[in-house]
Amino acid sequence: MLDTQRAAAWYRIQSTIAAQAATAVAGLWDAVDPDAIGPTWRALLPTAVDAVAQTSLVAASGAPRYVAATVADAGLDPGPQVINPSKLVDRRVIEYQLLMPMFRALRRIEQGNSVTDSMVAGRNLAGLIGAQTTRDTAREAVEVSMVAEPRVDGYVRYLVAPSCGRCAVLAGRVYPWSSGFKRHPRCDCQHRPIVNGEKPAARSTVEGAPGSYFKSLATTEQDKLFGADVAQRIRSGEDISAAVNADRQMWRSNYPASRTVGDLPRPIVNAVMNQAKGDRAKAVQILNGYGLVDQQGKRTVFAAQRGKRLRPDVPRA
């Protein structure tokens, strides 16, 4: 059976850091003057960017330890590559994203919504962006770490309920190391690296197969997480994967691998794989060119010997 204890611990760490980012940014939004939304939010923006950049870096910095620990759990020595997570944190990208709450609030006011409701909408989006940017940066760091670690064969998509239908039908799937991570806004799924040809116990989520997970939910939760129409079709007997039929425009991995803001292509691994065409050595070389991988660096976070489990830093459940 595939051990998910470390993945569960990693998930909890990322959830905590993402919540800190959301709290920090939403708290700053509370200082916005409803009568001068644009000027006051722009004045607070550098502080908000600082907060998200800091949490993103903290979250991403743990990725090499997480991947190395998973390798050591399998009784193998982690490879010599290390990554530079600071390269994944681009303040221009964060600033661009954090302008969205301001635009949302102003747009809703223009559409005739109350100022109070519009400010709440802006606050909610600000917190969401803070949390999601932090999660996404950490996942990018894990992806880069897995590419740079030759002992990682691939990964299992790991989630902890409650999860939406789109994530539920993908949970437990096995992907090769070169495959980018499909995610949509608010997605909090994680990678569980596969080492040395490990296999999951079943095509399943942590809690059970997608169909079992759906049946474990109350009707109201089924409607909320899967959508009322989709949930009803599943209850009527339609295959869960066919019923979900996720809107692929929401998947980030299908977005163009470029942005007008920032130096790195996004999603990074997808763009690198398009250039490397599955060649791992070339992929690492490209990542090194971006300043993301230091092939000469010595791994200092763990000094594991073959057959020994690594401890702390990325704790086990």
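Residues numbered from 1 in each chain as written. Predicted model: local features only at pLDDT ≥ 70, side-chain atom pairs only at ≥ 80, totals over all residues. Heavy atoms only, no water.

Draft legend 1. Representation of the overall build of the protein. Across its full length, the protein carries 13 helices and 5 strands. Every one of the 317 residues in the protein was classed for burial, and the buried ones make up 51%. Look at the contacts in the protein between residues 6 or more apart in sequence, and 75% of them connect residues 24 or more apart. Carbon and sulfur atoms provide 50% of the accessible area of the protein, an area that totals close to 14700 Å². (Helix = DSSP H or I, 4+ residues; strand = E, 2+ residues; numbered from the N terminus. Buried < 20%, exposed > 50% of the residue type's maximum accessible area, 1.4 Å probe, protein only. Contact = heavy atoms within 4.5 Å. Areas by Shrake-Rupley, 256 points an atom, 1.4 Å probe, with all protein chains shown as cover.)

Draft legend 2. Quick peek at the layout of surface pockets. In this model, the second largest pocket occupies a volume close to 290 Å³. Around the second largest pocket, the lining comprises 17 residues; the ones closest to its centre are Ser163, Cys164, Gly165, Lys224 and Leu225. The set of elements that each furnish at least two residues to the lining of the second largest pocket consists of helix 7 (165-168) and helix 9 (219-226). Examining the composition of the lining of the second largest pocket, we find that 4 residues originate from one element, helix 9, more than from any other. Class assignment of the residues belonging to the lining of the second largest pocket gives a composition of 9 nonpolar, 3 polar and 5 charged. (1 Å grid on protein atoms, 1.4 Å probe; cavity = no way out; pocket = protein on both sides within 12 Å on 5 of 7 lines; lining within 4 Å. Points joined across faces, edges and corners; volume = space filled by probe spheres on them. Nonpolar A, V, L, I, M, F, W, Y, C, P; charged D, E, K, R; others polar.)

Draft legend 3. Structural view of the pairing of strand 4 (residues 190-195). With respect to burial, strand 4 is a largely interior element, 6 of its 6 residues being buried. Sheet analysis places strand 2 (residues 152-158) next to strand 4, joined by 6 bridges and oriented antiparallel. Residue pairing in the sheet places valine 152 in a bridge with valine 195 of strand 4. (Pairing = 2+ DSSP bridges.)

Draft legend 4. Summary view of the sheet that holds strand 2. One open sheet accounts for 3 strands, arranged 3-2-4; its pairing is antiparallel. The sheet is open, and its two edges are formed by strand 3 (174-176) and strand 4, each paired on a single side. The mean angle between the axes of side-by-side strands here comes to 35 degrees, regardless of whether they run parallel or antiparallel. Against the sheet, helix 3 (residues 63-73) contacts strand 2 and strand 4, and its axis sits at roughly 35 degrees relative to strand 4. (Axes fitted to C-alpha atoms, helices over the stretch in contact; angles between N-to-C directions.)

Draft legend 5. The arrangement of the packing of helix 9 against helix 10 (residues 228-235) in detail. Following both chains from N to C, one finds helix 9 and helix 10 inclined at 125 degrees, their axes separated by 6 Å at the closest point. Comparing the axis directions of helix 9 and helix 10 gives the class oblique. For the pair helix 9 and helix 10, the sense of crossing is right-handed. Where helix 9 approaches helix 10, its residues Thr219, Gln222, Asp223 and Phe226 are matched on the opposing element by Ala228, Val230, Ala231, Ile234 and Arg235. Among the residues forming the contact of helix 9 with helix 10, the class breakdown is 5 nonpolar, 2 polar and 2 charged. (Parallel < 35°, antiparallel > 145°, perpendicular 65-115°, else oblique. Left-handed = near helix turned anticlockwise from the far one by under 90°.)

Draft legend 6. Inspection of the nonpolar core at higher detail. Membership of the largest hydrophobic core comes to 60 residues, with the highest contact counts inside it found for Val147, Phe226 and Leu287. Take this core: its biggest share by element is 7 residues, from helix 6 (residues 115-148). For phenylalanine 226, the residues in contact, after removing those within four places along its chain, are Gly165, Ala168, Tyr213, Phe214, Leu217, Ala231, Ile234, Ile240 and Val244. Counting 22 residues, the second-largest nonpolar core is a separate cluster that includes Ile37, Ala105, Ala126 and Ile129. (Core = buried A, V, L, I, M, F, W, Y, C linked by side-chain atoms within 4.5 Å.)

Draft legend 7. How the structure looks around unusual backbone geometry. For lysine 277, which is not a glycine, the phi torsion comes out positive at approximately 55 degrees. By the element assignment, lysine 277 lies in the loop between helix 12 (268-276) and helix 13 (280-289). A relative accessible area of 71% places lysine 277 in the exposed class.

Draft legend 8. The environment of threonine 47, seen in detail. Along the polypeptide, threonine 47 turns up in helix 2 (residues 37-61). Taking C-alpha positions, threonine 47 is 9.5 Å from alanine 24, a pair spaced 23 residues apart along the chain.

Draft legend 9. Local environment of the packing of aromatic side chains. In total, this model carries 7 aromatic pairs according to the counting rule given. Between tryptophan 10 and tyrosine 66, the ring centres sit 4.7 Å apart and the planes meet at 0 degrees, which makes this aromatic pair stacked. Here tyrosine 66 lies in helix 3 and tryptophan 10 lies in helix 1 (residues 5-29), a separation of 56 residues in the sequence. Summarising the aromatic geometry, the rings of tyrosine 11 and tyrosine 158 are spaced 6.5 Å apart at their centres and angled 65 degrees between planes, so their arrangement reads as edge-to-face. Of this pair, tyrosine 11 sits in helix 1 while tyrosine 158 is found in strand 2, placing the two residues 147 residues apart along the sequence. Residue tyrosine 11 shares its accessibility class with tyrosine 158, and that shared class is buried. Grouped by ring-pair contacts, the aromatic residues Tyr155, Tyr175 and Phe181 constitute a single cluster. The ring of tryptophan 177 is capped by arginine 280, whose NZ or CZ atom sits 4.3 Å from the centre of that ring. (Phe/Tyr/Trp six-rings, centres within 6.5 Å; stacked < 30°, edge-to-face > 60°. Lys NZ or Arg CZ within 6 Å of the ring centre and 35° of its normal.)

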